Amino acid sequence: MCQTCGCGDAALVPVELHERILAENEKTARHNREHFVGAGVLAVNVMGSPGSGKTALLEATARGAAAKGWRLGAVSADLATDHDARRLAAAGIPSRSITTGQACHLDAELVHRALHDFPWREADVFFIENVGNLVCPAIYDLGQAANVAVLSVTEGEDKPLKYPVMFQAVDLVVVTKCDLVPHLDVDLAKLHDALARVMPAPRAIELSAKTGQGVDAWLAWLEEQRAPFAAAEGAPAHGHGHGHGRGHGPGGHEHG
Ligand SMILES: Nc1nc2c(ncn2[C@@H]2O[C@H](COP(=O)(O)OP(=O)(O)OP(=O)(O)O)[C@@H](O)[C@H]2O)c(=O)[nH]1
Ligand SMILES: [Mg+2]
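Read on for an overview of the structure. (Residues numbered from 1 in each chain as written. Chains lettered and ligands numbered in written order. Predicted model: local features only at pLDDT ≥ 70, side-chain atom pairs only at ≥ 80, totals over all residues. Heavy atoms only, no water.)

**A few points about the site of ligand 1**
Around ligand 1, the surrounding shell holds 18 residues, and the nearest of these are Lys54, Thr55, Ala56, Arg87 and Asp179. In this structure, Ser52 approaches ligand 1 through a main-chain N or O atom, which is 3.1 Å from an oxygen atom. Lys54 has a polar side-chain atom sitting 2.7 Å from an oxygen atom of ligand 1. Across the complex, the protein chains shield 70% of the 650 Å² of accessible surface that ligand 1 would expose by itself. Secondary-structure elements contributing two or more residues to the shell around ligand 1 are helix H2 (54-68) and helix H3 (83-90). Of the residues that constitute the shell around ligand 1, the class distribution is four nonpolar, seven polar and seven charged. (Near = heavy atom within 4 Å. Polar contact = N/O pair within 3.5 Å; in protein donor to acceptor, adjacent residues only side chain to side chain. Areas by Shrake-Rupley, 256 points an atom, 1.4 Å probe, with all protein chains shown as cover. Helix = DSSP H or I, 4+ residues; strand = E, 2+ residues; numbered from the N terminus. Nonpolar A, V, L, I, M, F, W, Y, C, P; charged D, E, K, R; others polar.)

Quick look at the structure:
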């Protein structure tokens, strides 16, 4: 049970109080967004079920980003360990862990605190790996520019229909562990159909962090998201010529 949001339990957290918590969160998220946009940093909220392959996706991203000359940064959240931040650091991504205790999602304040004393402004792309959970993380704005859901092929084609709040909130779904498809009964056409029914603007990339399938398409999507930030600074989308922290960035790029 999440003690922070109450997971919709009106006895634990009355509706009015929950609305106040969300309103407070919105304020801090706006503040975070101003920081990210002002520093020309593309912040991406990476969400998905426990074990869906979020950290593996970021490890694969580190391998591809090096070739593009991007600098990456990350915070990685789970309830009790710093395992993922260590994995990301080992993959070459400067990372900080956020341990949430009993909370099943990140909120804007937790992210804001993690940014202190951390050189996030150095990054071109900054990933926020959320707590593994297909529900609550979708409700909390963190100040990110883009939302991504990671959905592995082992989870079943109907997940977008069963957990629509997540899939309604994201700009992209990365369908992971595609190397396993030959060993499963999963029907990818059904999965894409379910996404099309739920996502306002359906967009998905099939990927395997293990084989590298789809990583180029994922990097191209990131480059697309990054472009307005680079253009605002008069630098190429993958260049380092931008001066971080100078208070400019793209307008109208905010979501949710
Ligand atoms: N075969 C295969 N296994 C994968 C792939 N990506 C991740 N895995 C495996 O799936 C398991 C979970 O991967 P993680 O990257 O830790 O998943 P996560 O979503 O970050 O997990 P949490 O942070 O705990 O929610 C690990 O055993 C990975 O090796 C993939 O592309 N192919
Ligand atoms: Mg992880």
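**Some points on the coordination of the magnesium ion (ligand 2)**
Of the protein atoms, only Thr55 (OG1), Asp84 (OD) and Glu129 (OE) coordinate the magnesium ion (ligand 2), at distances of 2.0 to 2.1 Å. Counting the intervening residues between successive donors of the magnesium ion (ligand 2) yields the motif T-x28-D-x44-E. Here Thr55 is found in helix H2, whereas its partner Asp84 is found in helix H3, with 29 residues between them in sequence. (Donors = N, O, S within 2.8 Å, 3.2 Å for Na, K, Ca; no water.)

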